[in-house]
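Okay, here's what each chain looks like letter by letter:
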Amino acid sequence: YGQSAISSVETQVREYKSWYGVNGIFLDLTQGTPGEFSYYRTLSNFIRSTIPNGVVWFNPGDYPAPEFMSIANVVMVFEGPYSAYLSDQVPSWISQYSPSQFAHVIYETPASDLASAVSLSRKRRAGHLFVTDLSGSGNPYGALPSYWSQEAGDVPAPC
């Protein structure tokens, strides 16, 4: 949430590049408010100077202020249950950007609603999508969804 010292995050970026040879960094629990823009711009610039052509992902879990689109390659704008996804409000400014810049994670999605979730994500310009029936109260990333083979076929690559 923009509370980690920049030097601490820079150390982690250097270590991840050294240890794992990463080609990008996923910044989880990010803020997307104008007051935090300078902080994240500094981190994005550092990531790209440390990892040439590095891909930078932000995860505010909601739509950030539009200026954040200039410093992140991908922004995870939805991470929540299918029931909330149905009523999620999408700002009109997203039409100015490629779907490849937006990611959605939808959990607690019944198998019977998988096709609907995929279709709705495309209407909302999600270029990256993960849908699961696992619960958000546990770890929705702890295993593949029970309908993974169907999802892999329904969501065109690359995703």
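Preceding block: the structure.
In this text, all values refer to a predicted model and were calculated from it rather than measured experimentally. (Residues numbered from 1 in each chain as written. Predicted model: local features only at pLDDT ≥ 70, side-chain atom pairs only at ≥ 80, totals over all residues. Heavy atoms only, no water.)

Participant: Sorry, what's going on with the overall build of the protein here?
Facilitator: Scanning the protein for helices and strands turns up five helices and five strands. Secondary structure elements of the protein, listed N to C terminal, follow the sequence α-β-α-β-β-α-β-α-β-α. Relative to the globule expectation of 15 Å for 159 residues, the C-alpha radius of gyration of the protein, 16 Å, shows essentially globular dimensions. C-alpha extents for the protein along the principal axes are approximately 45 × 35 × 30 Å. Considering the protein as a whole, with its 159 residues, one finds that 41% of them fall into the buried category. (Helix = DSSP H or I, 4+ residues; strand = E, 2+ residues; numbered from the N terminus. Rg over C-alpha atoms; globule rule 2.2 N^0.38 Å. Buried < 20%, exposed > 50% of the residue type's maximum accessible area, 1.4 Å probe, protein only.)

Participant: Can you help me understand the pairing of strand β3 (residues 74–81) in this one?
Facilitator: Each regular strand shows side chains that alternate between the opposite faces of the sheet. Summarising burial for β3: six of the eight residues are buried, a large majority. For β3 and strand β4 (residues 102–107), the ladder comprises six bridges, and the chain directions are parallel. Its bridge partner being in β4, proline 81 is matched across the sheet by tyrosine 107. (Pairing = 2+ DSSP bridges.)

Participant: Would you take a moment to explain helix α2 (residues 37–50) for this structure?
Facilitator: One full turn of an α-helix is made of 3.6 residues, so residues set three or four places apart face in the same direction. Between the first and last C-alpha of α2 there are 20 Å, a value that for 14 residues agrees with the 20 Å anticipated at 1.5 Å per step. What α2 keeps buried is the set Phe37, Tyr39, Tyr40, Leu43, Ser44, Phe46, Ile47 and Thr50. Buried residues along α2 sit against α1 (6–20), β1 (24–28) and β2 (55–59). (Expected span 1.5 Å × (residues − 1). Contact = heavy atoms within 4.5 Å.)

Participant: Could you clarify how one ought to interpret helix α4 (residues 114–123) in this entry?
Facilitator: Where α4 is concerned, the buried positions are Leu114, Ala117, Val118, Leu120 and Ser121. Projected down its long axis, α4 carries its buried residues within an arc of 165°, all on one side. Phi for arginine 125, located one or two positions after α4, is positive at around 65°. (Arc of directions from axis to C-beta.)

Participant: Would you mind showing me how to read the sheet that holds strand β5 (residues 128–131) here?
Facilitator: Backbone hydrogen bonds hold the strands of a sheet together, and the pairing may be parallel or antiparallel. Read from one edge to the other, the open sheet built from five strands follows the order β1-β2-β3-β4-β5, with strand pairing classed as parallel. Since the sheet does not close on itself, it has two edges, and those belong to β1 and β5, each with one partner. With strand direction ignored, the average angle separating the axes of adjacent strands in the sheet is 15°. The sheet contacts of α4 involve β4 and β5, and relative to β5 the element is tilted by about 160°. (Axes fitted to C-alpha atoms, helices over the stretch in contact; angles between N-to-C directions.)

Participant: Explain the packing of α1 against α2 here, please?
Facilitator: The packing of two helices is summarised by the inter-axis angle and the distance between the axes. Where α1 contacts α2, the axes come no closer than 10 Å and their chain directions differ by 25°. Comparing the axis directions of α1 and α2 gives the class roughly parallel. The two elements α1 and α2 meet at a crossing, and its hand is right-handed. Packed against α1, whose contacting residues are Ile6, Val9, Glu10, Val13, Arg14 and Lys17, the element α2 presents Tyr39, Thr42, Leu43, Phe46, Ile47 and Thr50 at the interface. Broken down by class, the residue content of the contact of α1 with α2 amounts to seven nonpolar, two polar and three charged. (Parallel < 35°, antiparallel > 145°, perpendicular 65-115°, else oblique. Left-handed = near helix turned anticlockwise from the far one by under 90°. Nonpolar A, V, L, I, M, F, W, Y, C, P; charged D, E, K, R; others polar.)

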